[in-house]
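As a plain string of letters, each chain reads:
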Amino acid sequence: MIELRQLRKRFDHADHDAVGPLDLRVPPGELLALVGTSGSGKSTTLHMINRLVEPSAGSVLIDGIDISGQDPVALRRGIGFVFQAIGLFAHMSVADNIAITPRLLRWPRDEVAARVDGLLELVHLDPAIYRARMPHQLSGGQRQRAAFARALAARPRIMLMDEPFGALDPLTRDELSAEFRTIHEKLGLTSIIVTHDMTEAFLLADRIAVMRAGRLVQIGTARALLADPADEFVRQMVRMPRLRAARLARAMGEPG
Amino acid sequence: MSLDPRLVMSSVIFGLSIGGIYFLLAIGLSLCFGLMRIISLDQLLYYSIGAFVTYSVGVATGQFWLGVAAGAAAGGLASLAVERLIFRRIYARDPTFSMITSFGLLFGGIGIIKFVWGVVPRPVEVPTLAQFDVLGTQIPVYRLIIVGIAVVVYALIWAFLHRTIVGKAIRAAIENVEHVEGLGINVGRLFTLTFVIAGALSGLAGGVYAPLILVDPMMGLEMLAFVFMVVIIGGLGSIKGTAISALIIGQVVSLGSLIYAPAAQMAPFVIMLAILLIRPTGLFGVALTRR
Ligand SMILES: Nc1ncnc2c1ncn2[C@@H]1O[C@H](COP(=O)(O)OP(=O)(O)OP(=O)(O)O)[C@@H](O)[C@H]1O
Ligand SMILES: [Mg+2]
């Protein structure tokens, strides 16, 4: 379980909080989508959960334990992280990218190799083909898959993903997000995924948290958000998929 | 103006050996900056420490190479202590802050050296006086040994950074430290290791260069400007760039003094300015402002 309590972040020299105060509970096994406009503090929130950013106030608890007293390195090993910019290391093969943490932890070599192949299969990249590739030899979607595999390498129980499907075509996006849902369930993860795409959030997540200007505006299932949006902003956000579907239907209906 | 080809030959070798020393010193500065955004002028202190330890061990045991090994070890240990006690606390600060801090360390350290070894320059005996005939020119073998050491260090550092997982992680962290941290990798350990390697190479540089100069407390300061230029020209965080620029500056210094002595002091600065005008990041480096 991930729990944020009155979590706040104000960056140096800023005149207002980038995040918070924010209260949020993500129960074990949940897949939560974090949505909100650009600059609303989604990335900052994720970064505070693995201590890449230290909060200005408030606390983060994982399985009931305040992470501020934990060793950041050990903490991060238990959390898979996929960065907004993917962040595969350009000068390392796919296998090295995935294996870097286990190898630095000195897992036995054959175990690492088996883990790499297992993870590549899990994300549907043929190990024989992709193991030795360099990141620049992959398509955007394949890179994303490799980044997933890397995030899973140290057997985390939590996954934090910052717009992992950002730069992909809609088909690949759908495919990957459905696959991630499967992986999430299979491995029993607790996950937070940041996305801009409301449709994706509806289809993928158990609950959706809407952020604006650093604060949580509403959290609930897709059904709850649609039925009873907290304010005009949420109403607009959650109506987006339907509005677009309607616009599409109109466009298709019109003579060509 | 005509130059005696034999003079040119020995000057080229001289340039290669001084370039090798520049390289050993600059590589540490360059890696420290690339990885930690620390401008580690205190490397010049470990250079002096390496030379003095080489001197003292040599006097005590009569073993020059044992002294060099001890000098490199002393450089590594000194930089380990400085990393743990001081730099660890200022990583989050601006690079200029680290530059001021390391400058302070350099001067403080020079004081300590004066206290321990005194101010009288110390001679270190050249381990071999053998000469080597190249096209009728007598070349001291020891200068070639220095070049050889620099080449071996280059190869080892290259292999470390490209072939081992720890080295690859260091390169990854030079690329983007946050992405490495986010994976649960202990970047603090990578920082310490890089710092110790840098300090040991600086100590090694001081040790191997000691027989060709007089070992005195200020010797680091004499190197400072040249090493700094090598790092800037090569580009921060790039070993290849550092090696090439050490070669260039070595030749400029030695051929410069052959052609017109006052130019030897000026020419490297002119070259540095020219390169920075064309490529502000140096030959191969990363931009100062990233991260
Ligand atoms: N390192 C930083 N230093 C100063 N301000 C920052 C820093 N990182 C983020 N901010 C500010 O904090 C606010 C929230 O940024 P954040 O990256 O969390 O937004 P986001 O919701 O992830 O946006 P996007 O959807 O565009 O990725 C922004 O105003 C941003 O400018
Ligand atoms: Mg973001």
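Nothing here was measured: the structure is a model prediction, and the numbers come from that model.

Student: Looking at this structure, how should I read the overall build of chain A?
Tutor: Each helix and strand in chain A was counted, giving ten helices and ten strands. Relative to the compact-globule value of 18 Å for 256 residues, chain A shows a C-alpha radius of gyration of 19 Å, a close match. Its C-alpha atoms give chain A principal-axis dimensions of roughly 55 × 55 × 35 Å. Residue pairs in contact within chain A that sit at least 24 positions apart in sequence constitute 66% of those at least 6 positions apart. Working note: accessible area of chain A is about 12000 Å², and carbon and sulfur atoms make up 52% of it.

Student: How should I be thinking about the interface of chain B and chain A in this particular structure?
Tutor: Where interface size is given, it is often the accessible area lost as the parts come together that is meant. With 17 residues of chain B in contact, the opposing surface of chain A contributes 21 residues. Buried area between chain B and chain A, summed over both chains or domains, comes out near 1900 Å², and the portion from carbon and sulfur atoms is 65%. In terms of surface lost to chain A, no three residues of chain B exceed B:I165, B:H179 and B:L183, which account for 35% of the buried area on that side. For the pair chain B and chain A, the interface holds two salt bridges. In this structure, the salt-bridge partner of A:D96 is B:K168, at a minimum N-O distance of 2.3 Å.

Student: Is there a simple way to explain the layout of surface pockets in this structure?
Tutor: Left-over empty space is what a probe sized like a water molecule reveals as it rolls over the atoms. Estimates place the volume of the second largest pocket at around 540 Å³. Along its surface, the second largest pocket is lined by 25 residues, and A:R103, A:L104, A:L105, A:R106 and B:I165 are the ones closest to its centre. At the level of secondary structure, the elements contributing two or more residues to the lining of the second largest pocket comprise helix 3 (94–104) and helix 4 (109–122) of chain A together with helix 6 (165–175) and helix 8 (187–209) of chain B. The greatest single-element share of the lining of the second largest pocket, amounting to six residues, is contributed by helix 3 of chain A.

Student: I keep staring at the coordination of the magnesium ion (ligand 2) and nothing clicks. Help me out?
Tutor: Tetrahedral coordination by four donors places them ideally at 109.5 degrees to one another around the metal; octahedral coordination by six donors ideally gives 90 or 180 degrees. Coordination of the magnesium ion (ligand 2) by the protein involves A:S43 (OG) and A:Q84 (OE1), with metal-donor separations of 1.9 to 2.4 Å. Of the two residues, A:S43 is situated in helix 1 (residues 42–49) and A:Q84 in the loop between strand 6 (79–82) and helix 3; the sequence distance between them amounts to 41 residues.

Student: Whenever I open this one, the packing of helix 3 (residues 64–90) of chain B against helix 8 of chain B confuses me. Can you help?
Tutor: For any two helices packed against each other, one specifies the crossing angle of their axes together with the interaxial distance. All names here are of chain B. It is the contact of helix 3 with helix 8, at a shortest axis distance of 7 Å, that shows an interaxial angle of 145°. Judged by the twist between their axes, the crossing of helix 3 over helix 8 is right-handed. For the contact of helix 3 with helix 8, a count of residues per class yields twelve nonpolar, nine polar and three charged.

Definitions and limits used
Counting starts from 1 at the beginning of each chain's written sequence and moves along it residue by residue. Each chain gets a letter, beginning with A, and each ligand a number, beginning with 1, in the order they are written. Two thresholds apply to this predicted model, a pLDDT of at least 70 for residue-level local features and 80 or more for giving and counting side-chain atom pairs, whereas whole-chain, interface and lining totals are computed over all residues. Neither water nor hydrogens contribute to the side-chain values; these are computed over all heavy atoms in the structure. Secondary structure elements are taken from DSSP: a helix is a run of H or I of four residues or more, a strand is a run of E of two residues or more, and numbering for both begins at the N terminus. A radius of gyration in this sense is built from C-alpha atoms; the matching globule rule multiplies 2.2 Å by the number of residues raised to 0.38. Between two residues, a contact is recorded if the distance between any of their heavy atoms is within 4.5 Å. Computed with the Shrake-Rupley method and a 1.4 Å probe, the accessible areas treat only the protein chains shown as cover for residues. Two parts placed together each lose some accessible area; with a 1.4 Å probe, that loss summed over both constitutes the buried area. Salt bridge, as used here: a side-chain nitrogen of Lys or Arg that lies within 4 Å of a carboxyl oxygen of Asp or Glu. Residues are said to line a cavity or pocket when one of their atoms sits within 4 Å of a point; the points come from a 1 Å grid over protein atoms alone, cavities being sets where a 1.4 Å probe fits but cannot get out and pockets being open sets with protein on both sides within 12 Å along at least five of seven lines. Grid points are joined across faces, edges and corners, and a volume is the space filled by probe spheres set on the points. Distances up to 2.8 Å from the metal define which N, O and S atoms are donors, and 3.2 Å serves for Na, K and Ca; water is absent from the atom set, so sites may look incomplete. Axis geometry follows a simple rule: fit a line to the C-alpha atoms, using only the stretch in contact for helices, then measure angles between N-to-C directions, giving values from 0 to 180 degrees. Working rule for handedness: look at the near helix, and if it is turned counterclockwise from the far one by less than a right angle, call the crossing left-handed; if clockwise, right-handed. Residue polarity follows a fixed list, in which Ala, Val, Leu, Ile, Met, Phe, Trp, Tyr, Cys and Pro are nonpolar, Asp, Glu, Lys and Arg are charged, and the others, Gly among them, are polar.

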